[in-house]
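# A structural walkthrough
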Amino acid sequence: MRQKKLFFVLALLCSVQGMMAQTSGFTKLDQCVEIWKEGQQTFFGYPANQQSEMHDFYEWYLGAGMEVVNLNNAGDPMTDKPEKMSSQSFEREVIEYFAPLYGFSLDNVWGLVTHSGTDGNNHGIYFGANYLRNKTGLQPILYVSDEAHYSNMRLAHLQNLDIRLVKSDAMGRMIPEELEKSLDTSRPVLIVYAMGSTFKGAIDDMKALNAVIDSHSEIPAVYRHVDAALFGGYLPFTEHSQMVSHETMRFESIAVSGHKFFGIDSPCGLFLCTRDVYDNQNDFNVTYLNGNMRMINCSRDAVQPLKFWWLIKKVGTEEWTRQATRLLDCTAYLKQQLDAIGWPAWVNDYSNTVFFKRPSDDIIATYSLARGYDEHFGGPLAHVVVLQHVTKEKIDVFVKALKSEAAAQ
Ligand SMILES: *Cc1c(COP(=O)(O)O)cnc(C)c1O
């Protein structure tokens, strides 16, 4: 009896300790954990879902003793012969889960779990340039809007590509007439569509831009990459899923981040393209890796694909659909509430990013807001990226803070 009681008390203690945060014994680290946990409560300005669903994963990982197994996914995850000491077969399942969500059929898709959205864009631009050179023997020109994510400009520079920045409208969308003006139809077209411009969350009108390109049959070849790092996460789970469909929008490749909508707790992402693109890359036969290394990185993370796979099993399509619906609801709610207090605010269609007149530095700091500037909207701006952790309750507190600031002015 006594023993049973003791066991009960011990079990209770253990579970209490499990619930309480464990300290590291390193003062700086423990203090930072406090700061991070507090900051997480009002983290509004950047696109990282703060509602991690990785708890069970980490429990399994440690419980299974996986922390002492050093896997590596170097090589092609889409072959029939995955490396033994890799998680490539899970990586392939991840790609095959997402392929139909982005409008690819399983017999015409290639892909991998990347290290980030930028890594996915790097593959899109690199694969695109190789593809166009292989098809035509000509050097392509890269077209991208001046409001697209800076990684695209950085990568074009890195890959030594000729780049034309195409003007966008006030809301941040590439202007079709400006694309028309800047097209050089004697060379292949490598175009990056912004699916979520960085600050205003604008989506390039792919149908209108495709029509501009289609009207020039003299263009030697075309490759379209979609930079959908943020919006590519939730759009497949909404009624607007066609906007990220290869079949509908006719793009060759797409990049999505794993740590934004999906909330994986460190950077990773998805890259998908057609088989035709994969088949038109440069072969570097690397015997010790059993084949052609077409992707850029040698060592690739084996844990991130497992996390993605885990989320597919544990969260999955239905729950992501609920989350995507809630996220767009909360975005509309934030815009409404800002309108209600007369705080100038704007949001693009299908976007979860509300931009508005910039508040005080205090509010910027508390809510980790990103700063922007645009004369079209009266100058200084800030934005909120609505993800799963930005609830209506938190929005109410935020809007109240803005309202009292406005009243004090
Ligand atoms: C976040 C983002 C990127 C960069 O992605 P990382 O995963 O941070 O490398 C690129 N493009 C767009 C549209 C983004 O939203």
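Bear in mind that the values here come from a model prediction, so they are computed numbers and not experimental data.

## What about the overall build of the protein?
Broken down by element type, the protein carries 15 helices and 13 strands. In terms of overall size, the protein behaves like a compact globule, its C-alpha atoms giving a radius of gyration of 23 Å where 409 residues would be expected to give roughly 22 Å. Once the C-alpha set of the protein is aligned to its principal axes, its extents read approximately 85 × 65 × 40 Å. The buried share of the protein, taken over its 409 residues, is 50%. Considering only residue pairs separated by 6 or more positions, the protein has 71% of its internal contacts joining residues 24 or more positions apart. Carbon and sulfur atoms make up 54% of the accessible area of the protein, which totals about 20,000 Å².

## So, the packing of aromatic side chains
If you walk through the whole model with that rule in mind, you get 35 aromatic pairs. When the centroid spacing of 6.0 Å and the interplanar angle of 15° are considered together, the rings of F98 and Y102 count as stacked. The buried category is assigned to Y102, whose relative accessible area is 0%. Each member of the aromatic cluster is reached from another via a ring pair, and the members are Y97, F98, Y102, F231, Y234, F237, F261, F262, F308 and W320. Stacked on the ring of Y278, the Lys or Arg R294 has its end atom at 4.4 Å from the ring centre. Across the ring face of Y333, the terminal group of K392 is positioned such that the distance to the ring centre comes to 5.2 Å.

## Considerations on the pairing of strand β6 (residues 253-257)
The side chains of a regular strand alternate between both faces of the sheet. For β6, the buried fraction is high: five of the five residues fall into the buried class. Burial along β6 is two-sided: S253, A255 and S257 and I254 and V256, pointing in opposite directions, are all buried. As paired elements, strand β5 (residues 222-227) and β6 share three bridges and run parallel to each other. Each bridged residue has a counterpart across the sheet, and for H225 the counterpart in β6 is S253. Taken together, the five bridges between β6 and strand β7 (residues 269-273) define a ladder with antiparallel strand orientation. Its bridge partner being in β7, A255 is matched across the sheet by F271.

## Structural notes on the site of the ligand
Surveying the vicinity of the ligand reveals the residues S116, G117, T118, N121, H149, G196, D227, A229, L230, S257, H259 and K260. In this structure, a nitrogen atom belonging to the ligand sits 2.7 Å away from a side-chain N or O atom of D227. With respect to the ligand, the side chain of S257 contributes an N or O atom lying 2.8 Å from an oxygen atom. Coverage of the ligand by the protein chains reaches 85% of its 380 Å² of free accessible surface. Residue contributions to the shell around the ligand peak at three residues, all from helix α5 (residues 117-136). The residue inventory of the shell around the ligand, partitioned by class, reads two nonpolar, eight polar and two charged.

## A few points about the sheet that holds strand β4 (residues 189-194)
If you walk across this open sheet you meet the seven strands as β1-β7-β6-β5-β4-β2-β3, and the pairing is mixed. If you trace the sheet from one side to the other, it starts and ends with β1 (110-114) and β3 (162-166), each paired once. Sheet twist, expressed as the average angle between the axes of neighbouring strands with direction ignored, equals 15°. Pairing of strand β2 (residues 141-145) with β3, which is carried by five bridges, proceeds in the parallel orientation. Directly across from V144, in β3, lies its bridge partner L165. Of the strands in this sheet, β1, β2, β4, β5, β6 and β7 touch α5, which is tilted by about 180° from β5. Running at roughly 165° to β2, helix α6 (residues 150-158) makes contact with β2, β3, β4 and β5 of the sheet.

## Quick look at unusual backbone geometry
Unlike most non-glycine residues, N160 shows phi in positive territory, near 55°. Counting through the fold element by element, N160 comes out in the loop between α6 and β3. One non-glycine residue, S368, lies in the positive phi region at around 45°. The exposure class assigned to S368 is partly exposed, which follows from its relative accessible area of 25%.

## A few points about the side chain of N130
Counting through the fold element by element, N130 comes out in helix α5. In this structure N130 comes out as buried when scored by relative accessible area, which is 3%. Here Q281 takes part through its side chain, which lies 2.9 Å from a polar atom of the side chain of N130. Not counting residues up to four positions away in its chain, the partners in contact with N130 are N280, Q281 and N282.

## Quick word on the packing of helix α3 (residues 55-63) against helix α12 (residues 303-314)
The interhelical angle for the contact between α3 and α12, taken along N-to-C directions, is 125°, at an axis separation of 10 Å. Judged by the angle between their axes, α3 and α12 are oblique. Where α3 crosses over α12, the handedness of that crossing is right-handed. Of α12, the residues touching α3 (which contributes D56, F57, Y58, W60 and Y61) are V303, L306, K307, W310 and K314.

## Brief notes about helix α13 (residues 316-340)
Taking 1.5 Å per residue as the helical rise, α13 with its 25 residues ought to reach 36 Å, and the 36 Å between its terminal C-alpha atoms agrees with that figure. Where α13 is concerned, the buried positions are G316, E319, W320, Q323, A324, L327, C330, T331, Y333, L334 and L338.

## Considering the environment of W343
Secondary-structure assignment places W343 in the loop between α13 and β10 (345-347). For the pair formed by W343 and Q41, sequence separation is 302 residues and the distance between their alpha carbons is 23 Å. For W343, the residues in contact, after removing those within four places along its chain, are L338, F356, K357, R358, P359, L402, E405 and A406.

Definitions and limits used
- Residues numbered from 1 in each chain as written.
- Predicted model: local features only at pLDDT ≥ 70, side-chain atom pairs only at ≥ 80, totals over all residues.
- Heavy atoms only, no water.
- Helix = DSSP H or I, 4+ residues; strand = E, 2+ residues; numbered from the N terminus.
- Rg over C-alpha atoms; globule rule 2.2 N^0.38 Å.
- Buried < 20%, exposed > 50% of the residue type's maximum accessible area, 1.4 Å probe, protein only.
- Contact = heavy atoms within 4.5 Å.
- Areas by Shrake-Rupley, 256 points an atom, 1.4 Å probe, with all protein chains shown as cover.
- Phe/Tyr/Trp six-rings, centres within 6.5 Å; stacked < 30°, edge-to-face > 60°.
- Lys NZ or Arg CZ within 6 Å of the ring centre and 35° of its normal.
- Pairing = 2+ DSSP bridges.
- Near = heavy atom within 4 Å.
- Polar contact = N/O pair within 3.5 Å; in protein donor to acceptor, adjacent residues only side chain to side chain.
- Nonpolar A, V, L, I, M, F, W, Y, C, P; charged D, E, K, R; others polar.
- Axes fitted to C-alpha atoms, helices over the stretch in contact; angles between N-to-C directions.
- Parallel < 35°, antiparallel > 145°, perpendicular 65-115°, else oblique.
- Left-handed = near helix turned anticlockwise from the far one by under 90°.
- Expected span 1.5 Å × (residues − 1).

Purely spatial values, then, with no claim about function.
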